[in-house]
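Okay, here's what each chain looks like letter by letter:
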Amino acid sequence: MSTIHHADVAIVGAGIVGLAHALAAAKKGLKVVVFERNSQAVGASIRNFGMVWPIGQPIGLLLDRALRSREIWVEVASKAGFHADRCGSIHLAYKQDEMDVLQEFADTRKHEKYAIALLSPDRVAEKSSAAVMDGLLGGLWSTTEVIVDPREAIAKIPNFLIEEYGVKFQFQTVVTDISHPNFMAGGEKWTCDRIYICSGSDFETLYPTIYQKSGITKVKLQMLRSISQPHNWRLGPSLCAGLTLTHYSAFAHCSSLATLKARIQNETPYFVEWGIHVMVSQNALGELTIGDTHEYGLNLDPFDRAELNDYVLNYFQTFAQPPSLQIAQTWHGIYAKIPQKTELIVHPEPGVTIVNALGGAGMTLSFGLAEEVINGVDL
């Protein structure tokens, strides 16, 4: 008679969404097992900026979720032994339409939970030695952003969960069939009270018809990483500029945004065509991560486009000047997204929950969302 393994909670996927749900469940004293088809997570969770970015989230549930996630990131980093840089961020403005958006955002959101201030060029220079000063009109300073190296964090969190909470990990183990409370993983039978499917862009394997009906798609982004900056140079706050104001929904309420979008479409339509906005973060090793682009579709081009990296780097140099721009690595990542939605949470059968499609905000929102899901908040 074959052995049937048991746990209270099973989680499919060891990316940031799966790890966040494992932590939230383990904190409640539940016996948790995580299944990952690879020897370690290699998807979008390690192919991003490592930005925990509350400033990009709109007021209400999403901002609250981002700020709670930030708290958990800082706590987990200290216990798991990876670097979490509470460096904050600056949005830089070089055109009047960009400055108008920053001013409107500051005026309309100064009483909300953001921790923001408008800076003069001189104040920007005090906080950032990297910011290009030529033509700078000002900046929006925010204290809430935290940077981790996703490759380091996603590698170290499993060991923290094992040692702190007794979470079990089944790497190189594929979950192939679920009929709650039973499922098959790596050819072995398991039974669990609750099953959470956090499989990211790998959504063709389990409950494919659910995903097909959801409107889910995939997003490919291209990114670059520099060599470690010489002489222990530090970036300070993470930086971005006018393009980023058009990307994040935190700024969507600003009426001045229309003028900025119209100029970008008119002057540089390729930014819009390829979904380009440009940001930079720095890890503990001194390497800069720069990006990114956005291509949408279920069957994305597997080949990267050199001209898109050129667009990113050329724009980057209009607002930031690090000591070295020698590029050590380029890559692309793919994440799941549903247009006009911030996440996908569905129950394909009693006891089973799919959590997916956090878009490009997985690092920012996962820990907070997981607490809500595990605690049974009606989403």
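Just above sits the structure.
Presented here is an overview of the structure given in this document. On a predicted model such as this, the values are computed, not experimentally measured, just so you know.

## So, the state of the cysteines
In this structure the tally under the stated criterion is zero disulfides. Cys192 supplies the cysteine sulfur nearest to Cys198, a cysteine that is in no disulfide, at a spacing of 13 Å. What makes Cys198 buried here is its relative accessible area of 6%.

## Topic: the layout of surface pockets
One number sums up the size of the second largest pocket: a volume of about 300 Å³. Lining the second largest pocket are 16 residues, with Arg263, Thr268, Phe271, Tyr315 and Thr318 positioned closest to its centre. Classifying every residue of the lining of the second largest pocket by side-chain character gives eight nonpolar, four polar and four charged.

## A short note on the packing of aromatic side chains
Under the defined criterion, the tally for this structure stands at 15 aromatic pairs. Between Tyr270 and Tyr311, the aromatic rings sit 4.2 Å apart at their centres with planes inclined by 20°, giving stacked as the arrangement. Placement of the pair is Tyr270 in helix H9 (residues 269–273) and Tyr311 in helix H10 (residues 306–319), with a sequence separation of 41 residues. The partly exposed category is assigned to Tyr270, whose relative accessible area is 28%. The partly exposed category is assigned to Tyr311, whose relative accessible area is 26%. One aromatic cluster is present, formed by Tyr270, Phe271, Tyr311, Tyr315, Phe316 and Phe319 through successive ring pairs.

## Considering the side chain of Glu343
Here Glu343 is to be found in the loop between strand S18 (327–337) and strand S19 (344–349). Overall, Glu343 belongs to the buried group, its relative accessible area being 15%. A polar contact of 3.0 Å, which involves the side chain of Glu343, links it to the side chain of Arg65. In this structure the side chain of Glu343 is engaged in a polar contact, spanning 2.8 Å, whose partner is the side chain of Thr342. When residues no more than four places from it in sequence are discounted, the contact partners of Glu343 are Arg65, Asn356, Ala357, Leu358 and Leu369.

## So, the pattern of salt bridges
Evaluated as defined, the whole model comprises 20 salt bridges. For Glu71, the salt bridge identified is with Arg68, shortest N-O distance 2.8 Å. Highlighted residues: Glu71 and Arg68, both in helix H2 (residues 61–80), separated by three residues, approximately one helical turn. The salt bridge involving Glu204 is made with Lys218; its shortest N-O contact spans 2.8 Å. Separated by 14 residues along the polypeptide, Glu204 in the loop between strand S12 (188–197) and helix H6 (208–214) and Lys218 in strand S13 (residues 217–228) bring together distant segments of the chain.

What counts, and at which threshold
- Residues numbered from 1 in each chain as written.
- Predicted model: local features only at pLDDT ≥ 70, side-chain atom pairs only at ≥ 80, totals over all residues.
- Heavy atoms only, no water.
- Disulfide = S-S within 2.5 Å.
- Buried < 20%, exposed > 50% of the residue type's maximum accessible area, 1.4 Å probe, protein only.
- 1 Å grid on protein atoms, 1.4 Å probe; cavity = no way out; pocket = protein on both sides within 12 Å on 5 of 7 lines; lining within 4 Å.
- Points joined across faces, edges and corners; volume = space filled by probe spheres on them.
- Nonpolar A, V, L, I, M, F, W, Y, C, P; charged D, E, K, R; others polar.
- Phe/Tyr/Trp six-rings, centres within 6.5 Å; stacked < 30°, edge-to-face > 60°.
- Helix = DSSP H or I, 4+ residues; strand = E, 2+ residues; numbered from the N terminus.
- Polar contact = N/O pair within 3.5 Å; in protein donor to acceptor, adjacent residues only side chain to side chain.
- Contact = heavy atoms within 4.5 Å.
- Salt bridge = Lys/Arg side-chain N within 4 Å of Asp/Glu carboxyl O.

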